[in-house]
Amino acid sequence: MSMLTPPGMGGEYRITGDKYPRMRRPPRRPKFVLAIVASVLVVGLIGWGTLQLIDVFSGGGSATTASARPDCTTRPRAAPSPTAAAKSLPKPDQITVNVFNATERSGLAKSTADELKKRGFRIGEVANASKEYDKKVGSPAVLLGAKAATGTALPVLGTQLPGAELKTDARAKPAELDFIIGDGFKNLAAQADADKAMARLTAPQPTPAPTRTC
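Below is a summary of the structure that appears in this document.

Conventions we followed
Residues numbered from 1 in each chain as written. Predicted model: local features only at pLDDT ≥ 70, side-chain atom pairs only at ≥ 80, totals over all residues. Heavy atoms only, no water. Helix = DSSP H or I, 4+ residues; strand = E, 2+ residues; numbered from the N terminus. Contact = heavy atoms within 4.5 Å. Areas by Shrake-Rupley, 256 points an atom, 1.4 Å probe, with all protein chains shown as cover. Pairing = 2+ DSSP bridges. Axes fitted to C-alpha atoms, helices over the stretch in contact; angles between N-to-C directions. Buried < 20%, exposed > 50% of the residue type's maximum accessible area, 1.4 Å probe, protein only. Polar contact = N/O pair within 3.5 Å; in protein donor to acceptor, adjacent residues only side chain to side chain. Right-handed = clockwise from strand over helix to strand, strands pointing away. Core = buried A, V, L, I, M, F, W, Y, C linked by side-chain atoms within 4.5 Å.

### Considering the overall build of the protein chain
Logical step 1: Looking only at helices and strands, the protein chain features 5 helices and 7 strands.
Logical step 2: Along the protein chain, from the amino end to the carboxyl end, the secondary structure elements read α-α-β-β-α-β-β-α-β-β-α-β.
Logical step 3: Taking the intrachain contacts of the protein chain between residues at least 6 apart in sequence as the baseline, contacts between residues at least 24 apart amount to 76%.
Logical step 4: Of the accessible surface of the protein chain, which amounts to about 15,300 Å², a share of 59% is contributed by carbon and sulfur atoms.

Printed below as a string of structure tokens:
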């Protein structure tokens, strides 16, 4: 009987040989699972933080984030408005035009005055230009009027000749203008083009609508 055989067990449970069973610790699976879960959480947090940074720099964000942004400015933006009023401008028959020829070509003042009369303008004096302008106007024409005519009668007469210079002087009557023909003059604008220019001039003006920009 071996010395390792407990007393009373007899030979049926005798332990023989020189090798003995070794006791091993059970595998540490719970710790391994916890490590995997922790790694997944860390990766998720890093990804979430990256998305938040991208969202901040790209200007996006939730309603809460947007509401927390200060310094939003309000700027006017031109938006069509059906209730916008048209410009109040004088009609051609309310404007008196003096036609002066500052070129060496004869007959220009009369022919131009006749054409302006056909288009509804009142015609005043028709003659050669004064020494101040005679042979000194290189543009198609100089349209001269009172300062009060800058946004009224002058642009209305300007629809008849694109490229004309608009100038003012000290006269008191805003409805009386001088049409001084220069060397660059060829013809008045075509009637259809003048009518389109007049329509754009008197069209309803858009009402600026405020927009918020952050």
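### Considering the sheet that holds strand 3 (residues 122-128)
Logical step 1: As summarised here, the arrangement of the 5 strands in space is 3-2-6-4-5, forming an open sheet in which the pairing is mixed. Each edge of the sheet is formed by a strand with only one pairing partner; in this case those strands are strand 3 and strand 5 (165-169). Recorded for the sheet is a direction-independent mean angle of 20° between the axes of neighbouring strands.
Logical step 2: Across the sheet, helix 3 (residues 108-118) lies against strand 2 (96-101), strand 3 and strand 6 (176-181), angled at about 155° from strand 2, the strand it touches most.

### Here's the deal with the side chain of Thr-103
Logical step 1: Turning to its location among the elements, Thr-103 is positioned in the loop between strand 2 and helix 3.
Logical step 2: The class for Thr-103 is buried, based on a relative accessible area of 7%.
Logical step 3: A distance of 2.7 Å separates a polar atom in the side chain of Thr-103 from a polar atom in the side chain of Asn-101.
Logical step 4: Apart from residues no more than four positions distant in its own chain, Thr-103 is found in contact with Leu-108, Ile-181, Gly-182 and Asp-183.

### Some remarks on the pairing of strand 3
A regular strand places its side chains on the two faces of the sheet in alternate fashion.
Logical step 1: Direction of pairing for strand 2 relative to strand 3: parallel, over a ladder of 5 bridges. Opposite Thr-96, over in strand 3, you have Arg-122 as the bridge partner.
Logical step 2: Since strand 2 and strand 3 lie parallel, the crossover through helix 3 that links them has a hand, and here it is right-handed.

### Quick notes on the environment of Leu-116
Logical step 1: With respect to the secondary-structure elements, Leu-116 resides in helix 3.
Logical step 2: A relative accessible area of 0% places Leu-116 in the buried class.
Logical step 3: Put simply, Leu-116 and Gln-160 are 44 residues apart on the chain and 8.3 Å apart in space, counted from C-alpha to C-alpha.
Logical step 4: Leaving out residues up to four positions away in the same chain, Leu-116 has contacts with Val-97, Val-99, Phe-121, Ile-123, Leu-157, Gln-160, Phe-179 and Leu-188.

### Some words on the nonpolar core
The tendency in soluble globular proteins is for nonpolar side chains to be buried side by side.
Logical step 1: One finds Val-97, Val-99, Leu-116, Leu-157 and Phe-179 to be the most contacted residues of the largest nonpolar core, which totals 25 residues.
Logical step 2: Mapped onto this core, the elements with two or more residues apiece are strand 2, helix 3, strand 4 (141-146), helix 4 (153-158), strand 6 and helix 5 (191-202).
Logical step 3: Ala-102, Ala-129, Val-137 and Val-142 belong to the second largest nonpolar core, which has 8 residues in total.

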